[in-house]
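Breakdown of the fold
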Protein chains: 2
Amino acid sequence: MKKFLNSADTILEESLAGFSAAHSDILTLDSSKKFIQRKHLKPGKVALISGGGSGHEPLHGGFIGHGMLDAACPGQVFTSPTPDQMVETAAAVDTGAGCLFIVKNYEGDVMNFDMGAEMSSGTVEQIITNDDIAVEDSTYTTGRRGVAGTLVVEKVLGAAAEEGIPLESLKKLGEKVNGNARSLGVALTSCTVPAAGKPTFDIGEDEMEFGVGIHGEPGRRRDKLKTADELADEICNAIVADMGTRAKQPCLLFVNGFGGTPSMELYVMYHAARKVFEKHGVTIARSLVGSLVTSLDMAGCSITLVAMDDEVLKYWDAPVHTAALRWGM
Amino acid sequence: MKKFLNSADTILEESLAGFSAAHSDILTLDSSKKFIQRKHLKPGKVALISGGGSGHEPLHGGFIGHGMLDAACPGQVFTSPTPDQMVETAAAVDTGAGCLFIVKNYEGDVMNFDMGAEMSSGTVEQIITNDDIAVEDSTYTTGRRGVAGTLVVEKVLGAAAEEGIPLESLKKLGEKVNGNARSLGVALTSCTVPAAGKPTFDIGEDEMEFGVGIHGEPGRRRDKLKTADELADEICNAIVADMGTRAKQPCLLFVNGFGGTPSMELYVMYHAARKVFEKHGVTIARSLVGSLVTSLDMAGCSITLVAMDDEVLKYWDAPVHTAALRWGM
């Protein structure tokens, strides 16, 4: 296993320590190490909390700060955080307007965030993201998986919460954004979980996993390598078909790297995807390209399309100041 | 070769097309495809131009915009741009105050930028970056190589140019920043140049290249894998020794990924490096962590320390709006 680490047992702790030290102007790691929280909470604002297994960085800790999340609960690598993490986080960051948990649709996460919500003394609502159209049920999931679209939900809700929108309205807005988001990914290599020390799956030199999940879960099929244009064609056609009439709205195109794929290739995929979407008459109103919802060191990428409207565009464009996403301030 | 591309012949062109479409609010790709330039030039401001072989993205195109570069000349992968690119770029973006070329110290780049400067009709000055302490002369270099510290030179000069600082003063400021920057990198895997189709160098499953260059050039030695702490110890000790008394100034610590290394590991290295520097009494005044000066898909990272002063800190903190680095606006 070729990784920068001291031991698989301490990689998460040391990474969090480095992350919180590098971004101490905007966030703090709680002394319990159970959560990271926004440094300057805004009294009376709904607290947005997300989390999940680690290994998807910068999701979620990298999205803590003004205009996005108030806190994130990191689990061990590809392992749900425990309910006590969510309970303590909610108690720490709820300034009176309640909490909204943003949870990716994986059985462990859904169960543990649900228990955390029940055990919390304050008001907690939840929203489950499930934007991955690759498969319906899967290894860790009943229903579709939550993947890169989660970032868009967090950004839009973060801006809305900053404006003082109340809990119930935020939940509805989050459901709208999630319902308008579609993603599909492909892996060229496997990720390697530090504690396992070897690749999660075997894959041939001329193979790819089409529809892969962000933990290296199987997708639609194992296939021979395809060109960028062939891949974009299949991915974007599937997304447009699944979007239905939503694809007539102005859209955000988000090309996301899985951790081992460099910027140059992501822009090749962006170029290829944009051509296909435009052929379908889709208007690309906003763009995002980067390795933002990752799977450790997996080479691969996902394409996400989100149908926007004036409200969502306004919140997408609103200022954000986090470690990994920043504009307008 | 596992990459997202249509063909090695078109990867650069398609990547640039995607990049310029995704960031059309801040930059444009010239119709000749010879350079990318800032969309809204600022009349009377010195034009900052950089460039070099492609494969190091987001360097340099990702740093075009308010408060950083005015243009970048992308060569083919790991190949210098040609002098005519620089001549045409200078003619396009010089609004009357002259141009400053920011050039990484590689023989091809130095020669071609030099010819470009000579052939330009306007006033052109140059600054050569050479922050890599790994080796003195190397495969493509007389003297030290220019690596991640180049980003810091570009950011600081960009802010100063935005303020209206004249050409000669910018050149002096750039030389100061470069003179105060020290970098050292390590590779766990080789990069694969698309046109070559196979890894640039062979490396064993238990080996690393200590002091590697950003084209996969040999470093100080081939070595057995080490822990993050052991690596940080050797890298940071070497940097501090080379910095001399400069290390007493407040410093910027920049942990840079080479393209195939995920965020989680970069923060482990940041944590490890910061501990070593602080043991030496170094004050970490600013931090930057990300894959910003890359070597295609190489797994690895570099550590850069830059001694700052009030002037440099002011320009580092000043607003910047580029595709890959953005704050304050």
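Remember, it's a predicted structure, so these values are computed and weren't measured experimentally. (Residues numbered from 1 in each chain as written. Chains lettered and ligands numbered in written order. Predicted model: local features only at pLDDT ≥ 70, side-chain atom pairs only at ≥ 80, totals over all residues. Heavy atoms only, no water.)

**Notes on the sheet that holds strand 5 (residues 99-104) of chain B**
Residue and element names in this part refer to chain B. Pairing is mixed across the open sheet formed by six strands, whose spatial order is 1-2-4-3-5-6. Lying at the two open borders of the sheet, with one neighbouring strand each, are strand 1 (27-29) and strand 6 (124-129). Neighbour to neighbour, the strand axes of the sheet diverge by 20° on average, direction disregarded. Summarising the sheet, strand 3 (residues 47-54) and strand 5 pair through four bridges and their orientation is parallel. Considered in strand 5, the bridge of A47 is made with C99. Lying on the sheet, helix 1 (residues 11-22) is in contact with strand 1, strand 2 (36-38), strand 3 and strand 4 (71-77); it crosses strand 1 at an angle near 150°. Relative to the sheet, helix 3 (residues 107-119) contacts strand 3, strand 5 and strand 6, its axis offset from that of strand 5 by approximately 165°. (Pairing = 2+ DSSP bridges. Helix = DSSP H or I, 4+ residues; strand = E, 2+ residues; numbered from the N terminus. Axes fitted to C-alpha atoms, helices over the stretch in contact; angles between N-to-C directions. Contact = heavy atoms within 4.5 Å.)

**Focus: the side chain of B:Q37**
Residues and elements named next belong to chain B. With respect to the helices and strands, Q37 occurs in strand 2. In this structure Q37 comes out as buried when scored by relative accessible area, which is 14%. Sequence-distant contacts of Q37, that is, excluding residues within four places in its chain, are made with I26, L27, T28, I64, D70, A71, A92 and V93. (Buried < 20%, exposed > 50% of the residue type's maximum accessible area, 1.4 Å probe, protein only.)

**Some details on the pattern of salt bridges**
Applying the stated criterion across every chain yields a total of 54 salt bridges over all chains. Between A:R222 and A:E209 there is a salt bridge whose closest N-O contact spans 2.7 Å. Of the two residues, A:R222 is situated in strand 9 (residues 221-224) and A:E209 in strand 8 (residues 207-210); the sequence distance between them amounts to 13 residues. A residue is classified by how much of its surface remains accessible, and A:R222, at 34% relative accessible area, is partly exposed. With a closest N to O distance of 2.4 Å, B:K45 and B:D70 form a salt bridge. Of this pair, B:K45 sits in the loop between strand 2 and strand 3 while B:D70 sits in the loop between strand 3 and strand 4, placing them 25 residues apart in sequence. By relative accessible area, B:D70 is classed as buried at 2%. Here the residues in one salt-bridge network are A:R38, A:K42, A:K45, A:D70 and A:E162, joined through shared partners. (Salt bridge = Lys/Arg side-chain N within 4 Å of Asp/Glu carboxyl O.)

**Some points on the packing of aromatic side chains**
Residue and element names in this part refer to chain A. Under the criterion given, the structure shown has six aromatic pairs over all chains. Here F101 and F113 contribute two aromatic rings whose centre-to-centre distance is 5.6 Å and whose plane-to-plane angle is 75°, an arrangement assigned as edge-to-face. In this pair, F101 sits in strand 5 (residues 99-104) while F113 sits in helix 3 (residues 107-119), placing the two residues 12 residues apart along the sequence. Judged on exposure class, the residue F101 and its partner F113 are both buried. When the ring centre of F210 is taken as origin, the NZ or CZ atom of R221, which lies over that ring, is 4.8 Å away. (Phe/Tyr/Trp six-rings, centres within 6.5 Å; stacked < 30°, edge-to-face > 60°. Lys NZ or Arg CZ within 6 Å of the ring centre and 35° of its normal.)

**Concerning helix 8 (residues 310-317) of chain A**
All names here are of chain A. Buried residues of helix 8: V312, L313, Y315 and W316, and no others. The arc that holds the buried residues of helix 8, viewed along the axis, is 165°, so those residues lie on one side. In this structure, the buried residues of helix 8 make contact with helix 4 (149-162), helix 5 (167-179), strand 10 (251-257), strand 11 (284-290) and strand 14 (326-327). Where helix 8 begins, one side-chain oxygen reaches toward the backbone nitrogen of E311, 3.1 Å away; that side chain belongs to D309. (Arc of directions from axis to C-beta. Polar contact = N/O pair within 3.5 Å; in protein donor to acceptor, adjacent residues only side chain to side chain.)

**Brief notes about the interface of chain A and chain B**
Taken together, the contacts link 56 residues of chain A with 56 residues of chain B. On the chain A side of the contact with chain B, A:K2, A:F4 and A:M264 bury the most area, a combined 23% of that side's loss. Run the count over chain A and chain B and you get two salt bridges. Between A:K3 and B:E265 there is a salt bridge; the shortest N-O distance is 3.8 Å. On inspection of chain A and its partner chain B, the count reaches 22 residue pairs in polar contact (both at pLDDT 80 or more). Of all elements in the fold, only helix 1 (11-22), helix 6 (228-243), helix 7 (263-279), strand 11, strand 12 (300-307) and strand 14 of chain A reach the threshold of two or more residues within the side of chain A that touches chain B. Residues of the side of chain A that touches chain B, tallied by class, amount to 27 nonpolar, 17 polar and 12 charged. (Buried area = accessible area lost by both parts, 1.4 Å probe. Nonpolar A, V, L, I, M, F, W, Y, C, P; charged D, E, K, R; others polar.)

**What to know about the relation of the copies chain A and chain B**
For the pair chain A and chain B, the relating rotation is 180°, the translation along its axis is 0.0 Å, and the fit reaches an RMSD of 0.0 Å. Taken together, the turn and the small shift mark the pair as related by a two-fold rotation axis. It is A:G260 whose C-alpha, among those of chain A, lies nearest the rotation axis, at 2.0 Å. (Least-squares fit on C-alpha atoms with pLDDT ≥ 70 in both.)

**Considering the sheet that holds strand 10 (residues 251-257) of chain B**
Residues and elements named next belong to chain B. Taken in spatial order, the six strands of this open sheet run 9-8-7-12-10-11, and their pairing is mixed. This sheet does not close on itself; its edge strands, each paired only once, are strand 9 (221-224) and strand 11 (284-290). If you compare each strand with its neighbour and ignore which way they point, the axes differ by 20° on average. With seven bridges joining them, strand 7 (residues 181-187) and strand 12 (residues 300-307) adopt antiparallel strand pairing. Considered in strand 12, the bridge of V186 is made with C301.

**Description of the layout of surface pockets**
If a probe as big as a water molecule is rolled over the atoms, it shows which places are left empty. A volume near 1100 Å³ is recorded for the second largest pocket. Counted by class, the lining of the second largest pocket contains 14 nonpolar, 12 polar and 13 charged residues. (1 Å grid on protein atoms, 1.4 Å probe; cavity = no way out; pocket = protein on both sides within 12 Å on 5 of 7 lines; lining within 4 Å. Points joined across faces, edges and corners; volume = space filled by probe spheres on them.)

**Section: the environment of B:S80**
Residues and elements named next belong to chain B. Along the polypeptide, S80 turns up in the loop between strand 4 and helix 2 (83-93). With a relative accessible area of 17%, S80 lands in the buried category. Considered as a pair, S80 and G65 are 15 residues apart in the sequence and their alpha carbons are 22 Å apart. Leaving out residues up to four positions away in the same chain, S80 has contacts with G53, G75, G108, D109 and N112.

**Brief notes about the packing of helix 4 of chain A against helix 8 of chain A**
All names here are of chain A. At a closest axis distance of 8 Å, the pairing of helix 4 and helix 8 adopts a crossing angle of 85°. Viewed along their axes, helix 4 and helix 8 adopt a mutual orientation that is roughly perpendicular. Side by side, helix 4 and helix 8 meet where L151, V152, K155, V156, A159 and A160 of the first sit next to V312, Y315 and W316 of the second. (Parallel < 35°, antiparallel > 145°, perpendicular 65-115°, else oblique.)

Scope: geometric values only; no functional claims are made or implied.
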